[in-house]
Amino acid sequence: MSEDGKLSEAAIAELKSKYPGVELDLITAPDKSEVVVRAPDQITYARFIAEATNEKKDRATSMRAYAMQCTVYPTPAAAEALFAKYVAFPGAIAKHLNDMAGAVEELDAKKL
């Protein structure tokens, strides 16, 4: 991290080299700290959908687990603390992860 609490260019380069070919996005948290998430793979996305649509499961807990599975920075302990402080933040991350996975509000489609 740099002196202003943001990820340094070297730290970003290290994350990119650790996750080659994987889409990484930097998200600013409510406290202005930074979170880096990876695009969900098929297994992670399928697990989230199964949990989020299960009537016996808590949707907020499913979104938090999804956000944790895709967070590559900060450490899991720091991410847990951040998500405990800002309890709705994992839901916002989950929505962004779905966007990274290709979810769209409307399809641009036409009859052929």
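A brief look at the structure comes next.

**Some words on the packing of helix 3 (residues 59–70) against helix 4 (residues 76–85)**
Interhelical geometry of helix 3 versus helix 4 gives an angle of 150° and a closest axis separation of 10 Å. In the packing of helix 3 onto helix 4, the handedness of the crossing is right-handed. In contact with Arg 64, Ala 67 and Met 68 of helix 3, helix 4 contributes Pro 76, Ala 79, Glu 80, Phe 83 and Ala 84. For the contact of helix 3 with helix 4, the per-class residue count stands at six nonpolar, no polar and two charged.

**Structural notes on the sheet that holds strand 3 (residues 71–73)**
Spatially, the three strands line up as an open sheet ordered 1-2-3, and their pairing is antiparallel. Both outer strands of the open sheet, strand 1 (24–28) and strand 3, are each paired with one neighbouring strand and no more. Adjacent strand axes in the sheet meet at a mean angle of 40°, parallel and antiparallel pairs treated alike. Sheet topology places strand 2 (residues 34–38) next to strand 3; two bridges connect them, and they run antiparallel. Counterpart to Val 37 in the pairing with strand 3 is Thr 71. Across the sheet, helix 3 lies against strand 2 and strand 3, angled at about 45° from strand 3, the strand it touches most.

**As for the side chain of Asn 98**
Locating Asn 98 in the fold gives a position in helix 5 (residues 89–100). Of the residues examined, Asn 98 reaches a relative accessible area of 18% and is grouped as buried. If we ignore the near neighbours within four places in the chain, the residues touching Asn 98 are Tyr 45, Phe 48, Tyr 66 and Ala 103.

**Some details on the pattern of salt bridges**
As enumerated under the stated definition, the model contains two salt bridges in all. Glu 80 serves as the salt-bridge partner of Arg 64, at 2.8 Å between the closest nitrogen and oxygen. Of the two residues, Arg 64 sits in helix 3 while Glu 80 sits in helix 4, which places them 16 residues apart along the sequence. For Arg 64, a relative accessible area of 26% corresponds to the partly exposed category. Where Asp 99 meets Lys 95, a salt bridge forms, and the shortest distance between an N and an O atom there is 3.6 Å. Taken as a pair, Asp 99 and Lys 95 lie in helix 5 at a separation of four residues, close to a single helical turn. When its relative accessible area of 38% is taken as the criterion, Asp 99 is described as partly exposed. A relative accessible area of 48% means that Lys 95 is categorised as partly exposed.

What counts, and at which threshold
Residues numbered from 1 in each chain as written. Predicted model: local features only at pLDDT ≥ 70, side-chain atom pairs only at ≥ 80, totals over all residues. Heavy atoms only, no water. Axes fitted to C-alpha atoms, helices over the stretch in contact; angles between N-to-C directions. Helix = DSSP H or I, 4+ residues; strand = E, 2+ residues; numbered from the N terminus. Left-handed = near helix turned anticlockwise from the far one by under 90°. Contact = heavy atoms within 4.5 Å. Nonpolar A, V, L, I, M, F, W, Y, C, P; charged D, E, K, R; others polar. Pairing = 2+ DSSP bridges. Buried < 20%, exposed > 50% of the residue type's maximum accessible area, 1.4 Å probe, protein only. Salt bridge = Lys/Arg side-chain N within 4 Å of Asp/Glu carboxyl O.

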